[in-house]
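Summary of the model geometry
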Amino acid sequence: MNSLVTYQVQDSLALIGLARPPVNALGQPLRAALLQACEQADADPSVRAIVIYGTNGLFCAGADITEFGSPASFAAPDLPGLLVRLTAIDKPLVAAIGKLALGGGLELALACGYRIGEPKTRVGLPEINLGLLPGAGGTQRLPRLVGVQAALEMMISGAPMAANRALELGILDRLADSAEQLLQSACGYAHELIANHAPARPSEPFADPAKGLPADFFERYCLEQEPRWKSRLAPRLVFSAVQAACLLPLQQGLERELALFKQAEASRQSEALRHVFFAEREAGKIPGIDPSTALRPIAKVAVIGAGTMGGGIAMNFANAGIPVVLLERQGDALDRGLAHIRKTYAISLKRGKLTEAQLEQRMSLLSGTLEYADLADADLVIEAVFEQLSIKQEVFRQLDSVCKPGAILATNTSSLDVDQIAAVTARPQDVIGLHFFSPANVMRLLEVVKARETSAQVLATTLKMGRTIGKIPVVSGVCFGFIGNRMLEPYAREAHRLVLEGATPAQVDGVLTGLDLNMGVFSMLDLAGIDVNFLVRDANRAAIAHDDSYCRLGDELYSLGRYGQKTARGFYQYEGRERHNDYEVVALSERLAGELHVSRRPIEDAEIHARCLFMLINEGIQLLDEGIALRAGDIDLVWINGYGFPAHLGGPMFYAQQYGLDKVLAGIQHYRDTLGEYGRMWFTPAPLLERLVAAGKTTIERL
Ligand code: 3HC
Ligand code: NAI
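Residues numbered from 1 in each chain as written. Chains lettered and ligands numbered in written order. Predicted model: local features only at pLDDT ≥ 70, side-chain atom pairs only at ≥ 80, totals over all residues. Heavy atoms only, no water.

1. Digging into the overall build of the protein
Heads up, the condition is: Here a helix means four or more residues in a row that DSSP labels H or I, a strand means two or more in a row labelled E, and each is numbered from the N terminus. For the radius of gyration, the atoms used are the C-alpha atoms, and the globule rule reads 2.2 Å times the number of residues raised to 0.38. A 1.4 Å probe rolled over the protein chains alone gives each residue an accessible area, and that area as a share of the maximum for its type sets the label: buried under 20%, exposed over 50%, partly exposed in between. Should any heavy atoms of two residues lie within 4.5 Å, those residues are considered in contact. Only the protein chains shown count as cover for residues, and all accessible areas are computed by the Shrake-Rupley method using a 1.4 Å probe. His is not counted, nor are the chain ends; Lys and Arg add positive charge and Asp and Glu add negative charge. Each charge is placed at NZ for Lys, CZ for Arg, CG for Asp and CD for Glu.
Of regular secondary structure, the protein possesses 30 helices and 19 strands. Compactness check: the protein gives a C-alpha radius of gyration of 28 Å against a globular reference of 27 Å for 703 residues, within 12% of the reference. Considering only C-alpha atoms, the protein reaches an extent of 90 × 60 × 50 Å along its principal axes. A total of 703 residues make up the protein; the buried ones form 56% of that total. Once local pairs closer than 6 in sequence are excluded, the contacts in the protein between residues at least 24 apart make up 73%. Of the roughly 28900 Å² that the protein leaves accessible, carbon and sulfur atoms contribute 53%. Of note, the protein has its 68 positive side-chain charges centred 2 Å away from the centre of its 79 negative side-chain charges.

2. A word on the nonpolar core
Heads up, the condition is: Among buried residues, the Ala, Val, Leu, Ile, Met, Phe, Trp, Tyr and Cys ones that are joined through side-chain atoms within 4.5 Å form a nonpolar core. An automatic or database domain assignment supplies the start and end points of every domain.
Counting residues in hydrophobic clusters, the biggest one holds 83 residues, and the most contacted among them are I483, Y491, V508, L613, W639, F645 and I700. With 11 residues, the single largest contributor to this core is helix α25 (residues 605-626). In terms of domain composition, this core takes at least three residues from each of domain 2 (301-476) and domain 3 (484-694). With near-sequence residues (within four places) excluded, I483 lies in contact with E447, V474, V475, S476, L623, I628, A629, I635 and V638. Ranked by size, the runner-up nonpolar core spans 74 residues in total, among them I16, I89, M154 and M155.

3. Some remarks on the environment of E590
Tracing the sequence through the fold places E590 in helix α24 (residues 583-596). C-alpha of E590 to C-alpha of A166: the two residues are 424 residues apart in sequence and 61 Å apart in space.

4. With respect to the site of ligand 2
Selection criterion: Proximity is defined per residue: any heavy atom of the residue falling within 4 Å of a molecule or strand makes that residue near it. Definition of a polar contact: a pair of N or O atoms within 3.5 Å, with one able to donate and the other able to accept a hydrogen when the atoms are protein atoms, and with sequence-neighbouring residues admitted only if both atoms are side-chain atoms. Each residue gets one of three labels, nonpolar for Ala, Val, Leu, Ile, Met, Phe, Trp, Tyr, Cys and Pro, charged for Asp, Glu, Lys and Arg, and polar for the others, Gly among them.
The environment of ligand 2 is formed by 20 residues, the closest being M309, E328, E387, K392 and S414. A distance of 3.2 Å separates an oxygen atom of ligand 2 from a polar backbone atom of V385. In the environment of ligand 2, an oxygen atom lies 2.8 Å from a nitrogen or oxygen atom belonging to the side chain of S414. Here ligand 2 loses 78% of its free accessible area of 830 Å² to cover by the protein chains. For the shell around ligand 2, the residue count by class is 8 nonpolar, 8 polar and 4 charged.

5. Details of the domain arrangement of the protein
Domain parsing of the protein yields domain 1 (5-265), domain 2 (301-476) and domain 3 (484-694). Between domain 1 and domain 2, the C-alpha centre-to-centre distance is 42 Å.

6. Focus on the site of ligand 1
What surrounds ligand 1 is a group of 23 residues, the closest being G104, E107, E127, R281 and K285. Within the backbone of A61, a nitrogen or oxygen atom sits 2.9 Å from a nitrogen atom of ligand 1. In the model, an oxygen atom of ligand 1 is placed 2.8 Å from a nitrogen or oxygen of the K285 side chain. Considering ligand 1 on its own, with 980 Å² of exposed area, one finds that the protein chains cover 70% of that surface. For the shell around ligand 1, the element with the most residues is helix α11 (residues 268-282), which contributes 3 residues.

7. Details of the UniProt feature "domain: 3-hydroxyacyl-CoA dehydrogenase C-terminal" (unreviewed entry) in the protein
Stated precisely, the cut-off is as follows: UniProt positions are given in the numbering used here, feature names are shortened, and annotations may be inferred rather than shown by experiment.
UniProt annotation of "domain: 3-hydroxyacyl-CoA dehydrogenase C-terminal" (unreviewed entry) refers to residues 481-574 and 610-698 when read in the numbering used here. In the segment residues 610-698, helix accounts for 74% and strand for 0%; the C-alpha atoms at its two ends are 19 Å apart.

8. Re the sheet that holds strand β6 (residues 114-117)
Rules: A pair of strands counts as paired when DSSP detects no fewer than two bridges linking them. Interaxial angles span 0 to 180 degrees and are taken between N-to-C directions of axes, which are lines fitted to C-alpha atoms, for helices over the stretch in contact.
Reading across the sheet, the 6 strands line up as β1-β2-β3-β4-β6-β9 and stay open at both edges, with mixed pairing between neighbours. Each edge of the open sheet is held by one strand with a lone partner, namely β1 (5-10) and β9 (174-175). Examined bridge by bridge, β1 and strand β2 (residues 13-18) share 6 bridges and lie antiparallel to one another. Within β2, the residue paired with V9 across the bridge is A14. Contacting β2, β3 (49-54), β4 (93-97), β6 and β9, helix α7 (residues 182-195) runs over the sheet at an angle of about 150° to β6.

Rendered as structure tokens:
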């Protein structure tokens, strides 16, 4: 047997161990080895049952994602065929599922007649997150095992399921007492099956999955769910495959599933989502940091400022079981901050996402103080006070004097220079930017801003800490706006200008949400606050605003006190949460256009798409060239997790690649040449984009 599986026969049982670290991904070599092992066990008359397990304690994380889109994906033995072969073996097969069985890993377990887990086992069909559907029998076998509704829920959510729930549903037949006892319990189970003359496969609880389903089940399901799917293909394909499970016998259902899977695998959306999967893993790999970089322990955290961001940031740590002390200037601000946190948890409690005990446990990890001396034992301090350099520098001076040596001092600034903040301390190597996004307890993006002197240890520790609290940390260098907000700036600028030229906010937003972005520019500004946006712009006007029309509409709305949703008026009007177009904004745009000598005309949607998106992309490419972003994939993660860019488009950089870098460049050049002085001022292609196109490259990389 080759080294990818272990094989031994013990007491009438063939024990087949999957041994392809780290996650036993079912690439072609492992499939071949597994098939060979199963054939051997089938052919051996001394073997009466087979146990399949993971030699390193983990069962299997599914198909090998690196094979998708290449011939290796279906190279013989292909996974669906291998699993059909396993179901034909006339001996009981027991899957001993340690830690996890995901995707093809769970499908492998479903091809076994019997399944045993351990208390920490998680099972799931997360293919949808990769723009795929289960393609090795999952869409046909799972509905026959647990019924259509539970199966659909599992495949459409893609979420992993805990062992107890899997046991309730019948995905697991039993649980071993512990992970250590799993293999032994699996062998005991196999012996019981032999002793009881159990069939190779027990009968299916939902052999006819359509039976008992309401006649309009699929119609209703689709009606309820489709709006959430937007233009995503994978949920629709999952849905078709499950319908096939209800309409067709198993064999034909499997054929249908395979055809749908191949359609999904070949889709641009799946290619994009696979890119995102690997980008997330790449983001943690930073030059100068390796597994030998020492990490500092983070057992206690302090947050300065218990406002919107400070409160949300503190919750992340309490959620992860790490005690946090919040520091404010005055008692009432502190009380308000803590009360707001409790209120936010209470909403989760009401929604059933938290128990009363969990709420109290998390609150017990949060304490407040007005004294810097109480921060002396904190391992990590995150400052989230007002966005003003002098205030932040004063805070850092205080921290420098009270914090213990080795404490990490972080700022949540969104626009200030982290180097200037670090410079007021005697320990700039311990200072870093940790830019959370609002609401900080929800948003997954964490921009980790490496300042000039930030040490490798501090960077490595904060990256690890970010993952511990469930964030996707992405490293950025220091510049105005870091990666995300710096790209937002030209994108929002074009949106503003297009309205001056004749588009409406609703038209601009419609083009962007038509691409599946969560929100258009103007809805986002109304939500975030036109005042907040104005103040940052105003503080940096000299550096960023080089013409009179620059975000003028936003400036005017600010001066009119139209701050967005909070004042029920901004780029739109609001009645409660309902948004309406506002003719006054159109009239204001007409007036401003007249004053600024901007000629108005009907604007095509294609122009909105090109100007907003190409400027966004251009800035991202420039950031890569400057070394602010380490990789194009990092930029994609920032926009997907912080700004609602659809993951199934892969992020703005991947979108540009799929669109064609030459076309993006040609588009920028077109507007440079056709928009007069404005075009010449703003539509300058990033030099890296020009170099990439000149070199015939189709992917965005440093050159
Ligand atoms: N294929 C190939 N590589 C995989 C993989 C897979 N299915 N799952 C994980 N890996 C790799 C990762 O890329 C990473 O590689 P690296 O060290 O070189 O960066 C390494 O394994 C470890 O992964 P993580 O860093 O993500 O480790 P974690 O412990 O944080 O997470 C995990 C482990 C929960 C298994 C997570 O990796 C994961 O969610 N994997 C994907 C699971 C999945 O989507 N399975 C379905 C695949 S599609 C399928 O099965 C189709 C079938 O229906 C036909
Ligand atoms: P906020 O106004 O809601 O909260 C600031 C809090 O800091 C207030 O409670 C104030 O009392 C307190 N504070 C001010 N000076 C202090 C001091 N010297 N010592 C202790 N406490 C002090 O502001 P918000 O929105 O929470 O922003 C905080 C920081 O986070 C800013 O730097 C902001 O740029 C940044 N940020 C804000 C985001 C947002 O969407 N609101 C997003 C990302 C970053």
